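Examining the three-dimensional arrangement
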Amino acid sequence: MSYKKVVIAGGGVLGSQIALQSAYWGFDTTIWLRSESSIGRTQPKLDQFRDTIAEEIDKMAQDPSFVCRGLIDEGKFDKDECLKKINDAHDNIKLELDMAKAVKDADIVIESMAEEVNAKKEFYEKLAPYLEEKTVLVTNSSTLLPSTFAKYTGRPEKFLSLHFANYIWRNNVAEVMVQDKTDNRYFEEVKQFASEIHMIPLPVNKEKNGYLLNSMLVPFLLSGLDLVANGVSDPVSVDTAWKTGTGAPRGPFEIFDVVGLITAKNIVEQYQKVPGLINPLLKKMMLPYNFKGMLKILDEYIDAGKLGRSTGEGFYKY
């Protein structure tokens, strides 16, 4: 089945990006929003991401080494065509407050709302009566497992996760994760849809907190921060060890600056409270980690207004 109409529930940072990516590749795209005030918050995000993508299209034209894989067919970059597609995508996205009207004839609904369990449950229960038989429902949640919500959707066999990385047109991976009741047919359909919007679909064949990327990334980040919290070394040396020793483009503290130190603090607090979120094979290794020291370091930077790249300074100055 080839999807045609795509509905995104929620117009936040990722919801807006998903909508633009979908519309860019020719899908009839609607964002459902709760209120007029939500429109007031979503439209500027769409404008901002449209402008950012246009700037990166221009950068691709000037620098052949810079490639946004989610915006082009391999080997077929045409600046004018790409600019027209992102402007058309921006102009063609519909913002809708009426839930029934928004999801009418939808092939896929992508829930991209705040990570609040009860709010998501209420949303799914409200949504269920409006969905047509054909509609597949996915969650973009990065921390909550789809099995938590399957029974509230009214279609557990058509419900799974589709998780995007931030700046999806550039970091074009999409983790597709099933829950126990997901029918394999829809697993395959969602992977195909991800391919059609020029994501690289990564199958996650069983539920796992953190999916693939964060299951590897979070322990790595915590390990780097722990070295500094315990006085073993300093952020620059830790990053240098990792980059020089592996050839990686960024070390853990440079990554913290990209994601933001408030997000970093949230990660540390989450894993401090629920260490079992980490792979059980790593659990024993993680428990001795100096979470208190990690939070002390992060609080010092946050209190000083050094929140990462977004503020011009975090562990590094920009």
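Our structure is the block above this text.
Notes on the structure follow. (Residues numbered from 1 in each chain as written. Predicted model: local features only at pLDDT ≥ 70, side-chain atom pairs only at ≥ 80, totals over all residues. Heavy atoms only, no water.)

**Examining helix 6 (residues 184-196)**
What counts, and what does not: Going along the chain from the N terminus, every DSSP run of H or I of four or more residues is numbered as a helix, and every run of E of two or more is numbered as a strand. To estimate the expected span of a helix, count its residues, drop one, and scale the result by 1.5 Å. In this scheme, a residue with accessible area under 20% of its type's maximum is buried, one over 50% is exposed, and one in between is partly exposed, where area comes from a 1.4 Å probe on protein chains only. A 3.5 Å cut-off defines polar contacts: any pair of N or O atoms within that distance qualifies, except that in protein one atom must be a possible hydrogen donor and the other a possible acceptor, and neighbouring residues in sequence count only when both atoms are side-chain atoms.
Here helix 6 contains 13 residues, and its C-alpha end-to-end distance of 19 Å stays within 8% of the 18 Å for a straight helix at 1.5 Å per residue. Among all positions of helix 6, only Y186, F187, E189, V190, K191, F193 and A194 are buried. In this structure D183 caps helix 6, since a side-chain oxygen of it lies 2.8 Å from the backbone nitrogen of R185.

**Concerning the nonpolar core**
Selection rule: By convention a nonpolar core is built from buried Ala, Val, Leu, Ile, Met, Phe, Trp, Tyr and Cys residues, the set being connected through side-chain atoms within 4.5 Å. Between two residues, a contact is recorded if the distance between any of their heavy atoms is within 4.5 Å.
Ranked by size, the top nonpolar core spans 45 residues in total, and within it L71, I110, L162, F164, V190 and F193 carry the most contacts. Residue contributions to this core peak at six residues, all from helix 1 (residues 13-24). Excluding residues that lie within four positions of it along the chain, L71 makes contacts with Q21, Y24, W25, I53, I57, M60, C82 and W169. The next biggest cluster of nonpolar side chains, apart from the first, holds 24 residues, and it includes F220, L225, F256 and Y271.

**Description of the packing of aromatic side chains**
Quick note on the threshold: To pair, rings of Phe, Tyr and Trp, with the six-membered ring standing in for Trp, must have centres within 6.5 Å; the planes then decide the type, stacked if under 30 degrees apart, edge-to-face if over 60, and tilted in the middle. For a Lys NZ or an Arg CZ to count as sitting over a ring, it must be within 6 Å of the ring centre and within 35 degrees of the ring normal.
Applying the stated criterion across every chain, the model contains 14 aromatic pairs. Judged by centre distance (5.7 Å) and plane angle (35°), the rings of W32 and F123 are tilted. Linking W32 in strand 2 (residues 28-32) with F123 in helix 5 (residues 117-127), this pair joins segments that are 91 residues apart in sequence. With respect to burial, W32 and F123 carry one shared label: buried. Between F253 and F315 the ring centres are 4.8 Å apart and the planes differ by 75°, which places this aromatic pair in the edge-to-face class. Residue F253 is located in helix 9 (residues 252-259), and its partner F315 is located in the segment after helix 12 (291-303); the two are separated by 62 residues in the primary sequence. Above the ring of W25, the side-chain terminus of K85 is found at 3.6 Å from the ring centroid. Here the basic side chain of R170 rests over the ring of Y167, its NZ or CZ set 4.8 Å away from the ring centre.

**A closer look at a negative patch on the surface**
The cut-off we apply is this: Patches in this entry comprise residues that are over 30% relatively accessible and not in a salt bridge; like charges within 9 Å are linked, as are nonpolar side chains (Val, Leu, Ile, Met, Phe, Trp, Tyr) within 5 Å. Reported accessibility uses the Shrake-Rupley method at a 1.4 Å probe radius. Residues are deemed covered only where the shown protein chains occlude them. In the sections that follow, a salt bridge refers to a side-chain nitrogen of Lys or Arg positioned within 4 Å of a carboxyl oxygen of Asp or Glu. Residues counted as positive are Lys and Arg, residues counted as negative are Asp and Glu, and His and the chain ends are not counted. Where a charge lies is defined by one atom per residue type: Lys uses NZ, Arg uses CZ, Asp uses CG and Glu uses CD.
Judged by side-chain charge, D73, D78, D80 and E81 come together as a negatively charged surface patch. Structurally, the position occupied by D80 is in helix 3 (residues 79-92).

**As for the environment of F291**
Within the secondary structure, F291 is located in helix 12. By relative accessible area, F291 is classed as buried at 8%. Each C-alpha atom of the pair F291 and L222 lies 8.8 Å from the other, and the pair is 69 residues apart in sequence.

**Some words on the sheet that holds strand 1 (residues 5-9)**
We count it as follows: Being paired, for any two strands, means DSSP has found at least two bridges between them. Helix axes are fitted only over the stretch in contact, all axes being lines through C-alpha atoms; the angle between N-to-C directions runs from 0 to 180 degrees.
One open sheet holds the eight strands; their spatial order is 3-2-1-4-5-6-7-8, and the pairing between them is mixed. What marks the edges here is a single partner per strand, and that holds for strand 3 (94-96) and strand 8 (200-204). Between one strand axis and the next, the sheet turns by 25° as a mean value, whatever way the strands run. Pairing between strand 4 (residues 108-111) and strand 5 (residues 136-139): four bridges, direction parallel. The residue of strand 5 that forms the bridge with I108 is V136.

**Considerations on the pattern of salt bridges**
By the definition in use, this model includes 18 salt bridges. Two residues, K120 and E111, come together in a salt bridge whose shortest N-O distance is 2.3 Å. The same class applies to K120 as to E111, namely buried. Two residues, R185 and E189, come together in a salt bridge whose shortest N-O distance is 3.1 Å. Taken together, the positions of R185 and E189, both in helix 6 and four residues apart, correspond to about one turn of that helix. By relative accessible area, which is 48% here, R185 ends up partly exposed. Overlapping salt bridges bring together D105, D107 and K134 as one network.

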